[in-house]
Structures are given as structure tokens and as C-alpha cells.
Amino acid sequence: MEVPERIENGVEICESEGETQLTKHQKALEKTCRICGSLDLHKSSHLKYEFSVELFEIFEVDVNLDQPAIHPIAICRSHELLLLKYRNLKATNQEQAFKTSIKTVNFYPHTDECNICFINKCRGRKRKRQGVKKIDIIPLKCKKTEDLNESIDDENQTFVSKTILEQHDSEIRQCLPETLISDFETFDINARKDFLTKLVKHLSSEELSELMFTVGKDQEESLKNDIEDISQQYKDHTFLKDFNADNWLSKRNMPLTRFIEGFTNFSVAVSNENLKLSLCRIIEQIYALRYQKLVSPISFLLSLYVYSKTSSRLVVDFLSKSSPCGTYTTLQKWISKSGTTAPPCPPGVIMAAFDNEQVVAYKRGISPNQKSRSSVITSLIYAAINSDDNMQTFIQTQDEFKPKNWFKLSHFDEKLKLAETKDQTERNIQAEKF
């Protein structure tokens, strides 16, 4: 007796079994390997999504494009071990040593002659189940949506095109990385900026974090070279004296500077000198994270200024803990070397003066290593005496100021006599009172 059949929504249903062929096909896919199409699966078989990276790098299969009604979801044990082997080699940078001759099979939508479930019409004797025939897969290169549609058979064209468009709402996510890069290289500068702006808006927080980390690792070597360039700038007196923030910033790592500008809404072109110096210090702090022994010019100038006001070693050491300004020892070495060259004597007539300040501690106790602190400061001043009208009006040229014209011994004798007379007068007054 024949079993009646009916068709609903284009799917043939067997009334005797009460189950659609598509459902049986779906159950068969759950027992099929995504790589070889075999039925050698067990309950602990891993899903294909756990090896999505390995599947793409080895077989150029993107499981994110798979359809639940067409492609299996698991991987057999033998190919699971194969993918694990590749993953372990990749972890030690030995993926080049991995070789395999295995090729994946193609999977198609269910039909009456489906090789997965071999479901024929429910009447008559069922066909014997056979293994899935392996077919060499042809790597599919990423194309525009229109080109991709042309490369698919007419029978499946509408189905695959509709599926891709539903899962991927942008052209970028439809392309493989190599094709995306080759297209990006053809853009002009404005198109590249527009593309990057749109791309960032489509990234999640985790993807954006990974992008920033990748950019940072890419710039690591450039940052290292830049640190070497600025590490000796604090020793150059001329550089410190003529320091220019614009010039200094223009020579720093450009991706880092632009990142800070974008993150803080800061613009070097329209900012004042104080804000530019703040940006310089931010860059120095980031550089100090890369090289903890760095002594940068701006931070060193700050330490030098603070020491000139406080004369405190404690303050300098405190600053060195939180900024790349150098330790107290570094500061003292710089100061000791700064005064080794005597300034040239100015030309013409000069006036010389000095101030010698001495503070010597005194200790009465006598014992070994009994030391006392002492301080001797001598300041020398040389001042050139010039005339504004370039005429001979120097003090030394004025006769009335020459000592020979006003200095006389009689001058002091008269002063002395006057003082003695005044003193005698006061004594007489006091005697009369008593």
C-alpha cells in the first residue's frame, strides 16, 4: 500500500513518518564531519566554531558563512587532532612546518538525491546509505557581491546570495583580508581616511581594544628609536636654553601624537605654549613606561627649577619617582659639569666684585670621624661699563672722581679733631649735671 504524500511550502512531507525530509537532513548533518563528510563522530566531538581560525588558515573555509541547513556543525576526532597539531605549531611560530593533503568537501542544499541523507520519496524501498563522496574544493576568492553571484550555479544562486546579504550588511565583512588590503591600497588619501573612520564605528569595544594594541605593537620599534634620540638631550645646554615645543613635537612619534590629539580633542596648531609643554610631558611619561631609566628634557628642566628653589634632595628624588627627570645624582653631575667652562671676560672697561659667604659649624667634641658641615659660596661679578652715547664719559675718565683729587691725609685729621671736640663737649655737660 502506497503512503500518501503532500507538499507544504515546497517541502515534501511523508505522512507515514510524520517528519519532513529537511528535518532528517538536519539530523544527518549533526552526525557529519565539516571537513571530510564522514559519520565518525561521537558525543564529545568539538564544534567547528572552536577551530574557526585554523579552518580558515588551512582550508580557507570561513565557518561564519556556513548555513545550518547545508553545512555540518562538528568535526570528527581525526581531523580535530589535525587542527590541534596546527594550533600547537602556530603557538611556537612553527606553522610553516605543518603540511596536509586533506581537502574539504562541498556541501549543497538538500535535494531528493542528497548525498548526506539519501532520502528519496517515501514510497518503495529505501536506498542503502553510502558515504559522502569527497569533492576537491576550489578556494573561493573574495569578490564583490555581483561577481560572487555569477560564480555560483544557477540552481543555488538565489539561495546563497540571499544568505550572504542577510548575514553581512557591509561589503567589508564579505571580503577576505587579502582582497580588502589590495582594494585599500588603490584608495587615495581622502578615501582611506573616510574608510578608516567608518571602520572604527563598526568595531566593538573588544575589537577596538585589539586594534589599538596591534597598532601599539607595530609602533614599538619606532618608539624605541625615538627614546634613544631624546635620552641625551638634557645634557645639551644649548638645546635646553633654546627649547621649542613645536619643533620638539614635530620630531616625535606621529601616531602617538595624533592619538593623544584625538583622544583629548587637543590641537597643537591652535594651542598656547603652556598646553604644548603639557603635551610634551605626556609623551615623556609614555616614553618612560617603555624605558624606566629615561631622562627627558622637559622633566629634567622641571627638576632643575625645583632644586634651585628648594635646594632639597628629598624633593628631587620624589620627582624622579613619578617622572623621567633623573635622580639627585644625575642632577648634581649636570650642575658640576655646567660650571667647568669660565665665561669670557667682556671687552672694554669692566668692574669686578665678589661676595664670599662662609658658614662653618663648630663642634667641641673630639672623636674619630667628627665632621662638621661647612659652606663657602663665592660669587664673582663682572660688569662692563659702557656709554650710551659712545662718548668718553666713563667714571674712570672723570677727574673729580679720581682719588688723587679728593683723597688727602689732612681730610682725615680734620675729621678726627672734630670728633674729639664733640666728645669732650659731651663729657663736660655730663660732669656739670653731677
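Structure's up top.
In this report, we go over the structure that sits alongside the text. (Residues numbered from 1 in each chain as written. Predicted model: local features only at pLDDT ≥ 70, side-chain atom pairs only at ≥ 80, totals over all residues. Heavy atoms only, no water.)

### Quick notes on the packing of helix H12 (residues 254-264) against helix H13 (residues 273-290)
Alright, step 1. Remark: H12 packs on H13, axes separated minimally by 11 Å, with the N-to-C direction vectors making an angle of 120°. Between H12 and H13, the angle is such that the two are oblique. Between H12 and H13 lies a crossing of right-handed hand. Of H13, the residues touching H12 (which contributes Leu256, Thr257 and Ile260) are Leu279, Ile282, Ile283, Ile286 and Tyr287. (Axes fitted to C-alpha atoms, helices over the stretch in contact; angles between N-to-C directions. Helix = DSSP H or I, 4+ residues; strand = E, 2+ residues; numbered from the N terminus. Parallel < 35°, antiparallel > 145°, perpendicular 65-115°, else oblique. Left-handed = near helix turned anticlockwise from the far one by under 90°. Contact = heavy atoms within 4.5 Å.)

### Concerning the nonpolar core
Alright, step 1. Trp248, Leu249, Leu279, Cys280, Ile283 and Tyr287 are the most contacted members of the largest nonpolar core, which has 17 residues in total.
Alright, step 2. Put simply, the parts of the chain that give this core at least two residues each are helix H9 (220-230), helix H11 (245-250), H12 and H13.
Alright, step 3. Residue contributions to this core peak at four residues, all from H13.
Alright, step 4. Apart from the residues within four sequence positions on either side, Ile283 is in contact with Trp248, Leu249, Arg252, Leu256, Thr257 and Ile260. (Core = buried A, V, L, I, M, F, W, Y, C linked by side-chain atoms within 4.5 Å. Buried < 20%, exposed > 50% of the residue type's maximum accessible area, 1.4 Å probe, protein only.)

### Structural notes on the pattern of salt bridges
Alright, step 1. Per the stated rule, a full pass over the model turns up 13 salt bridges.
Alright, step 2. Here Arg252 makes a salt bridge to Asp226, at a shortest N to O gap of 2.8 Å. Of this pair, Arg252 sits in the loop between H11 and H12 while Asp226 is found in helix H9, placing the two residues 26 residues apart along the sequence.
Alright, step 3. Across the pair Glu261 and Arg258 runs a salt bridge, and its minimum N-O distance is 2.9 Å. Placement of the pair is Glu261 and Arg258 together in helix H12, with a separation of three residues, close to one helical turn.
Alright, step 4. Linked through salt bridges whose partners overlap, the residues forming this network are Arg34, Lys48 and Asp66. (Salt bridge = Lys/Arg side-chain N within 4 Å of Asp/Glu carboxyl O.)

### Some remarks on the packing of helix H14 (residues 297-310) against helix H16 (residues 328-338)
The relative placement of two packed helices is expressed as an angle between their axes plus a distance between the axes.
Alright, step 1. Contact geometry for H14 and H16: axes closest at 11 Å, N-to-C directions at 80°. Put simply, H14 runs roughly perpendicular to H16. Residue-level contacts link Phe300, Ser303, Leu304 and Tyr307 of H14 to Tyr328, Leu331, Gln332, Trp334 and Ile335 of H16.
Alright, step 2. Classifying every residue of the contact of H14 with H16 gives seven nonpolar, two polar and no charged. (Nonpolar A, V, L, I, M, F, W, Y, C, P; charged D, E, K, R; others polar.)

### Description of the side chain of Glu80
Alright, step 1. Along the chain, Glu80 turns up in helix H3 (residues 77-91).
Alright, step 2. On the basis of relative accessibility, which here comes to 2%, the residue Glu80 falls in the buried class.
Alright, step 3. Dropping the residues within four chain positions of it, Glu80 is found in contact with His46, Phe51 and Ile75.

### Points about the side chain of Ser271
Alright, step 1. With respect to the helices and strands, Ser271 occurs in the loop between H12 and H13.
Alright, step 2. Residue Ser271 is classed as buried on the basis of its relative accessible area, which comes to 15%.
Alright, step 3. Here Ser267 takes part through its backbone oxygen, which lies 2.3 Å from a polar atom of the side chain of Ser271.
Alright, step 4. Not counting residues up to four positions away in its chain, the partners in contact with Ser271 are Phe266 and Lys276. (Polar contact = N/O pair within 3.5 Å; in protein donor to acceptor, adjacent residues only side chain to side chain.)

### Quick look at H14
Alright, step 1. Compared with an ideal rise of 1.5 Å per residue, which puts 14 residues at 20 Å, H14 spans 20 Å between its outermost C-alpha atoms and is within 8% of the ideal.
Alright, step 2. The set of residues buried in H14 consists of Pro297, Ile298, Ser299, Phe300, Ser303, Leu304, Val306 and Tyr307. (Expected span 1.5 Å × (residues − 1).)

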